[in-house]
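Take a look at the letters that make up each chain.
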Amino acid sequence: MPILGTIASSKLVAAQGDYVSLGTSYITSNTTTVSFSVSNPGDYKLLELRCVARSSGGDAGFGLKFNNDTADASYAWQRNYYVASDSNTSSSYLGQMPTSSSDADTFGIVLAQIWNADSSSKYTSWMSFTGERRSTTGFAPQLLGVWKNTAQVTSVQVTNDTQGGTSQFAPNTRISLYGLK
Amino acid sequence: MPTSTYTQIHKSILGSGQSSISFTTINSTYTDLRIIVNARITNDGYAIGMRFNNDSSGIYGFRQNSAINNGVVVTDKNNFVYAGINRQTTNNALDNLMIVDIFDYNATDKFKTYCSQSAMRAANSAADTSFVLGCYRSTNAITRIDFAECGDGGSGTFGTGNLQTGTSVIIYGIKAGS
């Protein structure tokens, strides 16, 4: 017989090993960039982004930046589609979302872990599982990105200006940042 | 001070084989769900799938990216009757491991997108790893989730054989902050 159970809710005080919310943006009107502050950055061995996103226009990619460093040359990434891959050594890329012409009510997702954000001696890297599923096709790449800077991360920007486009995050997009203590 | 939010909310471990594992009242107080599945199936060449809200209509679709035997296989499944979370596997696989994330499962303003990182560990045969991303094309909040062995021909078949003793499904809730 199965053992079924229901367990109680969140702890009120975070401790070492806990996974804590550092902020969420619920987008109600077109928005280019969502920014989060990371207080006490040395407390978090891993940051995690969870995004449910849709574009307001024709640009499907969005990027990740740190400490308001907007210089494309500070970032690089490699994307793997299993049957193909691509890369760029002077831009940032975090994930993929449906464009405004995609099926209604369809949103893309990003599940990304950010490494070395607590370090002041290593570059910050992220590993992202992302994609979108339309009625008859889809995309599901995995990618690795890097911020070529050893500074501790004190703020995180999720931005839709990554590839020079003019699209923004559309309403009902939700972007959340978490930290693993 | 930030508070912890990664909370186990449901768990089932099979003490004997049965056709499905059902969570009929999903806790609705969270934003995302993370589900840890470790399953064994009965029939060779079948997979493991989820069904939401007991909805058997063909409004599920997913892409499977799989690495197997020094090669890759990318497969799209459209208008399916279940949400696939791994590649078809073998009945002698010792473990079928899946980490499944369902995003905004309570939302009523969007279809539900999920992803699954999966791997099969076999005794004396090939193993594979996959990344699956899919969508349940409904704006209804997810209040029920069933897991079963599935066939992936045609539009799919949900519930083709028993999940074996020891199969476990553990559901965690993750709440978005303000």
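Residues numbered from 1 in each chain as written. Chains lettered and ligands numbered in written order. Predicted model: local features only at pLDDT ≥ 70, side-chain atom pairs only at ≥ 80, totals over all residues. Heavy atoms only, no water.

S.K.: I tried to follow the pattern of salt bridges on my own but got confused; where do I start?
M.R.: Opposite charge on two side chains makes pairing possible when the charged atoms of those side chains draw close. Tallied over the entire structure, the rule returns 17 salt bridges over all chains. Between Lys65 of chain A and Asp72 of chain A there is a salt bridge, with the nearest N and O atoms lying 3.7 Å from each other. By relative accessible area, Lys65 of chain A is classed as buried at 5%. Its relative accessible area of 36% is what places Asp72 of chain A among the partly exposed residues. Ionic pairing is found between Arg133 of chain A and Asp76 of chain B, a salt bridge with its closest N-O pair at 2.6 Å. (Salt bridge = Lys/Arg side-chain N within 4 Å of Asp/Glu carboxyl O. Buried < 20%, exposed > 50% of the residue type's maximum accessible area, 1.4 Å probe, protein only.)

S.K.: How should the sheet that holds strand β9 (residues 112–122) of chain B be read in this particular structure?
M.R.: To summarise the sheet geometry, strands pair through backbone hydrogen bonds and adopt either a parallel or an antiparallel arrangement. All names here are of chain B. Taken together, 8 strands build an open sheet; the order of strands is β1-β13-β3-β8-β9-β10-β5-β6 and the sheet is antiparallel. Each end of this open sheet is capped by a strand with a single partner; those strands are β1 (7–13) and β6 (71–80). Across this sheet, the average inter-strand angle for adjacent strands is 15°, counted without regard to direction. Note that strand β5 (residues 60–68) and strand β10 (residues 128–136) share 9 bridges and pair antiparallel. Note on β10: the bridge partner recorded for Arg63 is Leu133. (Pairing = 2+ DSSP bridges. Helix = DSSP H or I, 4+ residues; strand = E, 2+ residues; numbered from the N terminus. Axes fitted to C-alpha atoms, helices over the stretch in contact; angles between N-to-C directions.)

S.K.: When you look at the nonpolar core in this model, what are you seeing that I'm missing?
M.R.: Note on soluble globular proteins: their nonpolar side chains tend to be buried together. Counting 37 residues, the largest nonpolar core has Ile35, Met50, Phe52, Ile102, Ile145 and Phe147 of chain B as its most contacted members. Among the elements of the structure, β2 (20–23), β3 (32–39), β4 (47–52), β5, β8 (93–102), β10, β11 (145–151) and β13 (168–174) of chain B are those that each provide at least two residues to this core. Excluding residues within four positions of it along the chain, Phe52 of chain B makes contact with Tyr60, Ala83, Ile102, Tyr136, Ile142, Arg144 and Ile145 of chain B. Counting residues in each nonpolar core, the second largest holds 33 residues, with Phe62, Trp126, Leu143 and Ile175 of chain A among its members. (Core = buried A, V, L, I, M, F, W, Y, C linked by side-chain atoms within 4.5 Å. Contact = heavy atoms within 4.5 Å.)

S.K.: What's the story with the sheet that holds strand β12 (residues 155–159) of chain A in this structure? I'm lost.
M.R.: Residue and element names in this part refer to chain A. Pairing is antiparallel in the open sheet, where 4 strands are placed in the order β2-β12-β4-β7. Edge positions in the sheet fall to β2 (33–37) and β7 (95–96), since each has one partner strand and no second. For β2 and β12, the ladder comprises 5 bridges, and the chain directions are antiparallel. Of the residues in β12, the one forming a bridge with Ser35 is Gln157.

S.K.: Even after reading the chapter, I still don't get the interface of chain B and chain A, so can you show me in this structure?
M.R.: Quoted interface sizes are often the accessible area lost when the parts come together. Counting residues at the interface gives 56 residues for chain B and 56 residues for chain A. Carbon and sulfur atoms make up 54% of the surface buried where chain B meets chain A, a total of about 4300 Å² over both sides. Joining chain B to chain A, the criterion identifies 6 salt bridges. The salt bridge partner of Asp32 of chain B is Arg50 of chain A, with a shortest N-O separation of 2.7 Å. If you list the elements that add at least two residues to the side of chain B that touches chain A, you get β1, β2, β3, β5, β6, β9 and β10 of chain B. Residues of the side of chain B that touches chain A, tallied by class, amount to 21 nonpolar, 23 polar and 12 charged. (Buried area = accessible area lost by both parts, 1.4 Å probe. Nonpolar A, V, L, I, M, F, W, Y, C, P; charged D, E, K, R; others polar.)

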